[in-house]
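# Survey of secondary and tertiary structure
Spelled out, the chains give:
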Amino acid sequence: MTILVLGGAGYIGSHMVYELIARGIDTVVADNLETGYREAVHPQARFYQGDIRNRAFVDSVFEKEKIDAVIHFAANSLVAESMSNPLKYYDNNVCGTKVLLESMIAHDVKKIVFSSTAATYGEPERIPITEQDKTSPINAYGETKLTMEKMMMWADRAYGLKYVALRYFNACGAHESGEIGEAHSPETHLIPLVLQVPLGKRESILICGQDYDTKDGTCVRDYVHVMDLAKAHVLAVEYLMRGEESSVFNLGNGAGYSVKEIIEAARRATGLPIPAEDAPRRPGDPATLVASSEKAERVLGWKPQYTDMESIIASAWKWHGAHPDGYKGNC
């Protein structure tokens, strides 16, 4: 079996490739390196540099490689940027996926696992969030991901293209080897921002709002380790290979951690002081986002292995401590 990983030089995509290679699965990577890093790609994967919006490029990959299934991570994913530049997100996320699906259908590749997001739900009506809950995104990023899901749904009905959309919550952690990890510019995720303090990159971590209706007044989120996500994608590919129907699954730990709890866990994991400062709320931050992953456990047989926050952060610290400036360059 040969898997094509789009966006396989990015954070989650690179960990996906490491998991596939570890399982002995033939792996092809395509990435335009806009936000990914060539150094993050496993040396045993065959790499093609190019953009999924370029039909000739996508066609060339399918013509050179006999692909059995696609795992799709190639999308822009910064919420704030999506609000200031929504057309960029529609161009890359939506138009890029349209080109991809056209090429897949033309080359008779009819199975795709798609990296979706909890942002498709918007403000939750209940906790934990299930796949049956209303999807009403409150930012352009979530809207484009939901549009991508719907595009695949209609492609299934018209062309028999089978898909699994994985809506995951807060990805975190790093590969146990410490060889690859999280490196964004700019960085917007809480755990790497917290770890920038003991790395000397910032003096303190800002706690944005302490008056939410939560256990300690700070926002609560569901964190899922990046390697648990990678394993879920493998199970989703196997699900499609068995001839199962298209579906959507949430991926999360099912437990919420507050901002203060994350900071305290980081202090324990690093053994270092991490000063924190109060800051105003950020607009659009729901108080609590926690997933129900019961469907993924029941149907895919997926169960997170990393459930302790201190061990999750310890894996991230192993990467960040050894790579304080991330990857050396975007090449």
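I will try to describe carefully the structure that is included in this document. (Residues numbered from 1 in each chain as written. Predicted model: local features only at pLDDT ≥ 70, side-chain atom pairs only at ≥ 80, totals over all residues. Heavy atoms only, no water.)

### Notes on the overall build of the protein
- Looking only at helices and strands, the protein has ten helices and 13 strands in total.
- Relative to the 2.2 N^0.38 estimate, which gives 20 Å for 331 residues, the radius of gyration of the protein is 19 Å and therefore close to what a compact globule would have.
- For the protein, the spread of C-alpha atoms along the three principal axes comes to 55 × 40 × 40 Å.
- Considering only intrachain contacts with a sequence separation of at least 6, the fraction spanning at least 24 residues in the protein is 77%.
- Surface exposure of the protein reaches about 13900 Å², of which carbon and sulfur atoms provide 49%.
- Each charge class in the protein was averaged separately, 34 positive and 44 negative side chains, and the resulting centres sit 3 Å apart. (Helix = DSSP H or I, 4+ residues; strand = E, 2+ residues; numbered from the N terminus. Rg over C-alpha atoms; globule rule 2.2 N^0.38 Å. Contact = heavy atoms within 4.5 Å. Areas by Shrake-Rupley, 256 points an atom, 1.4 Å probe, with all protein chains shown as cover. Lys, Arg positive; Asp, Glu negative; His and termini not counted. Charge placed at Lys NZ, Arg CZ, Asp CG, Glu CD.)

### Looking at the sheet that holds strand 10 (residues 247–251)
- If you trace the seven strands from one edge of the open sheet to the other, you get 3-2-1-4-5-6-10, paired in parallel fashion. Only two strands of the sheet have a single neighbouring strand rather than two, namely strand 3 (46–49) and strand 10. Pairs of neighbouring strands in the sheet enclose a mean axial angle of 20 degrees, with direction left out of account.
- Where strand 5 (residues 111–117) meets strand 6 (residues 162–168), seven bridges bridge the pair, whose relative direction is parallel. Bridge pairing in strand 6 places V113 opposite V164.
- Helix 1 (residues 11–22) contacts strand 1 (2–6), strand 2 (26–31), strand 4 (69–72) and strand 6 of the sheet and is inclined by roughly 165 degrees relative to strand 1.
- Packing of helix 5 (residues 140–159) onto the sheet brings it into contact with strand 4, strand 5, strand 6 and strand 10, and relative to strand 5 it is tilted by some 155 degrees. (Pairing = 2+ DSSP bridges. Axes fitted to C-alpha atoms, helices over the stretch in contact; angles between N-to-C directions.)

### Some remarks on the pairing of strand 6
- Of all seven residues that make up strand 6, six are buried, and the element is covered over most of its length.
- Taken together, strand 5, helix 5 and strand 6 form a β-α-β motif whose crossover is right-handed.
- Looking at chain direction, strand 6 and strand 10 are connected through five bridges and run parallel. Residue pairing across strands places A165 opposite V248, the latter belonging to strand 10. (Buried < 20%, exposed > 50% of the residue type's maximum accessible area, 1.4 Å probe, protein only. Right-handed = clockwise from strand over helix to strand, strands pointing away.)

### Remarks on helix 4 (residues 86–106)
- Over its 21 residues, helix 4 extends 29 Å from the first C-alpha to the last, a length consistent with the 30 Å expected when each residue adds 1.5 Å.
- When we look at burial in helix 4, the residues that qualify are Y89, N92, N93, V94, G96, T97, V99, L100, L101, S103 and M104.
- For helix 4, the elements touching its buried residues are strand 1, helix 2 (55–64), strand 4, helix 3 (79–84), strand 5 and helix 5.
- The positive-phi residue at the C-terminal boundary of helix 4 is D108, with phi of around 55 degrees. (Expected span 1.5 Å × (residues − 1).)

### A look at the packing of aromatic side chains
- Taken as a whole and judged by the stated rule, the model has three aromatic pairs.
- Taking the centre distance of 4.9 Å and the plane angle of 45 degrees together, the rings of W319 and Y327 count as tilted. Neither residue differs from the other here; W319 and Y327 are each classed as buried.
- Cluster of aromatic residues (ring-pair linked, three or more members): Y37, W319 and Y327.
- Over the ring of F249 we find K295, and its NZ or CZ is 4.8 Å from the ring centre. (Phe/Tyr/Trp six-rings, centres within 6.5 Å; stacked < 30°, edge-to-face > 60°. Lys NZ or Arg CZ within 6 Å of the ring centre and 35° of its normal.)

### A look at the pattern of salt bridges
- Throughout the structure, instances matching the rule amount to 24 salt bridges.
- Here R53 makes a salt bridge to D51, at a shortest N to O gap of 2.7 Å.
- Between K162 and D156 there is a salt bridge, with the nearest N and O atoms lying 2.9 Å from each other.
- In this structure, a network of salt bridges that share partners links the residues R55, D59, K98 and E102. (Salt bridge = Lys/Arg side-chain N within 4 Å of Asp/Glu carboxyl O.)

### Quick word on the pairing of strand 8 (residues 205–208)
- Side chains of strand 8 alternate between two faces, with I205 and I207 buried and L206 and C208 left unburied.
- With four bridges connecting them, strand 8 and strand 12 (residues 276–279) associate as parallel partners. Within strand 12, the position partnered with C208 by the bridge is A279.

By themselves, these figures tell us nothing about what the structure is for.
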